[in-house]
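Given next are the chains, with one letter for each unit.
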Amino acid sequence: MALFTTLHRLLGLDPQPISDDLIDAAVDAGLRETDGLDWKDRLPPQKGLTETDFPKDVAAMANSGGGVLVYGVEETEKAATARVDAGELDEHLERALRAAAASAIRPPVLGLGVHAVGEPGRRAVAVVVPSSPDGPHLIFRNQFFGAPMRNDADTVWMSEWQIESAYRSRLDERRRAAAALQELYEDARENWVKSGHAWLVAVAHPRNPVTAGARPTREQAAAIFQGVEPLTLLWASNAWTHPIEDVDRHNPRPGLRRWIAVNRRVEHTSDWAAAWASVHHDGSVTLACAVGGRRD
């Protein structure tokens, strides 16, 4: 799966899977630790994982906009100097890493990416921590708690006013998300919904929108529309239909910051089959279709 992490950004690379060559390139370039990159030599032990620095490191990355922890790299004065063996990442440890991010951090950090590369003797593991709209993420130790964050190459603790600001940002994000959903709905209703039928309008907006400049190509948009077929058309038969059947999934048209799968049945006699779908550049999706009135 193609990713775009701090490693890719610092190396000036396009989105691509995390590979052994990528780790080698980062070491050869002597990349220095930043607020989104942290070098580690060995994987943490599975036993007592929640008592290690792993939850704190993950929470700090999540509180700082996301980043990547790379195990299997030696560093000198914060700069990568050599590959070392990170240890074995088996299924149980991988599951434990994700469980620790969910259980030892409040609110939990979900969607952790764990990528193992390299051969024995130079194994590396990249743990990709997503940007989170749920900050601040807190670490608890008995009756004490704190919110870690990255300060360039160091992990520090948020002050009281920083925690207050993080909570304010969380509430603001929720308001923006609700407004974005309402705007998507109103846009679909005004542009596609016609009189004469009942209509279904469905909208979705990602909690972490795609960053600007990541406009998908026509081929990528077509792949998204076609990719939903196994999820939506598997159950369809002659007796049942799905709105996706009535849109052109193979030839999306450009729209305003979106790709549109237009209605394939434009004749007046097929108004009962009217449907439109769109994939927006920020990752939002919309679907509108006439409901009822089908001839069968």
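Relevant structure appears above.
Let us look at the structure shown here. (Residues numbered from 1 in each chain as written. Predicted model: local features only at pLDDT ≥ 70, side-chain atom pairs only at ≥ 80, totals over all residues. Heavy atoms only, no water.)

### A closer look at the side chain of glutamate 33
The topology assignment puts glutamate 33 in the loop between α2 (20-28) and β1 (37-40). For the buried residue glutamate 33, which engages in no salt bridge, the nearest side chain bearing the opposite charge is lysine 78, 4.1 Å off. In this structure the side chain of glutamate 33 is engaged in a polar contact, spanning 2.9 Å, whose partner is the backbone nitrogen of tryptophan 39. When near neighbours in sequence (up to four residues on either side) are disregarded, glutamate 33 contacts Asp38, Trp39, Glu75, Lys78, Arg150, Asp152 and Ala153. (Helix = DSSP H or I, 4+ residues; strand = E, 2+ residues; numbered from the N terminus. Buried < 20%, exposed > 50% of the residue type's maximum accessible area, 1.4 Å probe, protein only. Lys, Arg positive; Asp, Glu negative; His and termini not counted. Salt bridge = Lys/Arg side-chain N within 4 Å of Asp/Glu carboxyl O. Polar contact = N/O pair within 3.5 Å; in protein donor to acceptor, adjacent residues only side chain to side chain. Contact = heavy atoms within 4.5 Å.)

### Topic: helix α3 (residues 54-63)
In terms of burial, α3 is a largely internal element, nine of the ten residues being buried. If you check which residues of α3 are buried, you get Phe54, Pro55, Asp57, Val58, Ala59, Ala60, Met61, Ala62 and Asn63. Glycine 65 sits one or two residues past α3 and shows a positive phi near 95°.

### Things to note about the sheet that holds strand β13 (residues 253-255)
Strands sit in the order β12-β16-β15-β14-β13 across an open sheet of five strands; the sheet is antiparallel. Only two strands of the sheet have a single partner each, and these edge strands are β12 (198-204) and β13. Neighbour-to-neighbour, the strand axes of the sheet open up by a mean angle of 20°, direction not taken into account. As judged from the seven bridges shared by β12 and strand β16 (residues 285-291), these two strands associate in the antiparallel manner. Bridging from a neighbouring strand, leucine 200 pairs with cysteine 289 of β16. The sheet contacts of helix α5 (residues 160-192) involve β12, β14 (258-261), β15 (275-280) and β16, and relative to β12 the element is tilted by about 145°. Running at roughly 50° to β14, helix α6 (residues 218-227) makes contact with β13, β14 and β15 of the sheet. (Pairing = 2+ DSSP bridges. Axes fitted to C-alpha atoms, helices over the stretch in contact; angles between N-to-C directions.)

### Observations concerning the sheet that holds strand β8 (residues 138-141)
Overall, antiparallel pairing links the three strands, which are arranged β5-β8-β9 in an open sheet. Looking along the sheet, the strands with just one partner apiece sit at the ends: β5 (105-106) and β9 (144-146). Across three bridges, β8 lies against β9 in antiparallel orientation. The residue bridging arginine 141 from the neighbouring strand is phenylalanine 144, located in β9.

### Here's the deal with the packing of aromatic side chains
Under the definition given, this model contains three aromatic pairs. Note on phenylalanine 140 and phenylalanine 145: the rings are 5.6 Å apart at their centroids and 35° apart in plane angle, and the pair reads as tilted. Ring centres of tryptophan 192 and tryptophan 276 lie 6.3 Å apart, and the angle between their planes is 15°; on these two criteria the pair is classed as stacked. Placement of the pair is tryptophan 192 in helix α5 and tryptophan 276 in strand β15, with a sequence separation of 84 residues. On the basis of relative accessible area, tryptophan 192 is assigned to the buried category, the value being 9%. (Phe/Tyr/Trp six-rings, centres within 6.5 Å; stacked < 30°, edge-to-face > 60°.)

What is shown is where atoms sit, not what they do.
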